[in-house]
Each structure stands twice: as C-alpha cells, then as structure tokens.
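Structure at a glance
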Amino acid sequence: MRTAQFRRYLKENSSSPEEGELLAAKMVGRWRSGAPLALAPSQDDPALAADAARNNDFTYREQDPGGRRCPVGAHIRRMNPRSSPDDSVDVRRHCFLRRGTPYGPELPEGQLDDDGAERGIVFLFMGTDLVRQFEFVKGQWTNDGNFAGLETEQDPLTGNRDGTASFTVPLHPRPRRRQYGQLPRFVVTKGGEYLFMPGIRALRRLADLDN
C-alpha cells in the first residue's frame, strides 16, 4: 500500500483537508470509519460504521442508482455492485467471501513522505470457482470500466494502471461530473497463491468414512 502517495494525491487534488477526506471516501466508497457513502453521503458517521446490522444494509439500486453518493467506479462498488439499476450485473454469480488483515506500521497521521516501511494488506478470498469469481472480478470489475459504462477507467485503488488513468465523480445536478486524472498506482500486488480446500488429508479422511 503506497499510503504516502495516496495522501499526496488527495492533497494535490483538493482545496482543504475536508475535501480530501471526501475524495478519499469517493474513491473507496466508504468513509474512514467504514460508514458507506450510500447511507452517509455528506459526512462520516462512526455510529453507523459500528452498527453491523446497518452498515451493509443497502443496495445501490434503491439508495444510489446514479452514483451521486457513491460513484459507480468506487472501489467497494466495483468489488460488489450489490444490485444494478438495469439488472445488467448478476452479482450472485461472481461474489465470494473475502477477509483481510493489515501488516506493517501505520504511517503517522499527516505524513506525506514514504518512510520506507513495508505496509499493506494480506487478503484471503474464498470461493468455489476461480474463473467465475476471483478472476472475473479482478479482470472485469476491477480493471475494466465497461461493465459500469466507464470505458477505460479502472478501480481507483487497486487498478492495474500506468499513471494516466482517471476517476469520475458525478455531481449534482446531473449530468455534471468531475474527473480526476493521472491516478498513480496506489496498491502493488507482491504475490499470491491458489490454495484448495479441503486439503489432501481431509479428503482421505472423508473417503474413509462409512457414510
């Protein structure tokens, strides 16, 4: 995770810390606390984020079909479109379980220069079909904007880009929008493995069962 580079981009493309926080939320789809833009479009809501029964209880079709709250190209909306206004995305065929844990020290608040420390996230994706789930989401929803009508745009956080990509934020009233250009690569994949469950020992145990 190129945290310092992400902070510099926010600073260079906003006129105040508050605007920078909003831009970060637009790119992610959630505020720093985890509150979703679909339910908290104007400011962060830590109480909402802490409520497990509410912070995922939304669909874009109902709360934000046009992407004025959470842009269509935002990270969480790409990784899980939930529901499409025109039913063009069959989310159930492609979703999978994901869990992540961070590693490395946090970059001190306000620091804009890289301190050389290794920091990032180890992600675990669990599914039943590598091609239809993980590889489809990474290839189509992350690195291709066509599914959302965004042409060549990629995920603003994890897209595989070369520094010339852009990110579009719809404005009110329609059809106004703001386009942020020259997005650098904020996340670099260091490696990965495909692992299969259950393991050989568990399969042998299952084969030895009478029923």
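Shown above is the structure to which this text applies.
Now for a description of the structure that goes with this document. Keep in mind that this is a model prediction, so the values were computed, not measured. (Residues numbered from 1 in each chain as written. Predicted model: local features only at pLDDT ≥ 70, side-chain atom pairs only at ≥ 80, totals over all residues. Heavy atoms only, no water.)

A closer look at the overall build of the chain
Regarding its fold elements, the chain presents 7 helices and 4 strands. Secondary structure elements of the chain, listed N to C terminal, follow the sequence α-α-α-α-α-β-β-α-β-β-α. Oriented by its inertia axes, the alpha-carbon framework of the chain measures out at about 70 × 45 × 35 Å. Taking all 211 residues of the chain together, the buried fraction comes to 34%. Contacts spanning at least 24 positions in sequence make up 51% of the contacts within the chain whose residues lie at least 6 apart. Approximately 13,500 Å² of the chain is accessible, and the part contributed by carbon and sulfur atoms is 50%. (Helix = DSSP H or I, 4+ residues; strand = E, 2+ residues; numbered from the N terminus. Buried < 20%, exposed > 50% of the residue type's maximum accessible area, 1.4 Å probe, protein only. Contact = heavy atoms within 4.5 Å. Areas by Shrake-Rupley, 256 points an atom, 1.4 Å probe, with all protein chains shown as cover.)

Things to note about the state of the cysteines
As enumerated under the stated definition, the model contains 0 disulfides in all. There is no disulfide at C70, and the cysteine sulfur nearest it, in C95, is 15 Å away. For C70, a relative accessible area of 0% gives the class buried. (Disulfide = S-S within 2.5 Å.)

With respect to the pairing of strand β4 (residues 177–183)
Looking at chain direction, strand β3 (residues 165–170) and β4 are connected through 5 bridges and run antiparallel. If you follow V169 over to β4, its bridge partner there is R178. Connecting the antiparallel pair β3 and β4 is a turn made up of 6 residues. (Pairing = 2+ DSSP bridges.)

Focus on the pairing of β3
With 6 of its 6 residues buried, β3 lies for the most part within the structure. A two-sided burial pattern is seen for β3, the buried positions comprising A165, F167 and V169 on one face and S166, T168 and P170 on the other.

Some remarks on the packing of aromatic side chains
Taken as a whole and judged by the stated rule, the model has 9 aromatic pairs. Measuring from centroid to centroid gives 5.6 Å for F136 and W141, while their planes differ by 80 degrees, and the two rings are edge-to-face. Judged by relative accessible area, which is 2%, W141 ranks as buried. An aromatic cluster is present here, built from F96, F123, F125, F134 and Y194 joined pairwise through their rings. In this structure, R82 is placed above the aromatic ring of F58, and the distance from its NZ or CZ to the ring centre is 3.9 Å. A cation over an aromatic ring shows up here: R98 above the ring of F96, its NZ or CZ 4.5 Å from the ring centre. (Phe/Tyr/Trp six-rings, centres within 6.5 Å; stacked < 30°, edge-to-face > 60°. Lys NZ or Arg CZ within 6 Å of the ring centre and 35° of its normal.)

Re a nonpolar patch on the surface
On the surface, M1, I121, F123 and F125 cluster together to form a nonpolar patch covering roughly 360 Å² of accessible area. For I121, the location among the structural elements is in strand β2 (residues 120–126). The class for I121 is partly exposed, based on a relative accessible area of 39%. (Patch = residues over 30% accessible without salt bridge, like charges linked within 9 Å, V, L, I, M, F, W, Y side chains within 5 Å. Salt bridge = Lys/Arg side-chain N within 4 Å of Asp/Glu carboxyl O.)

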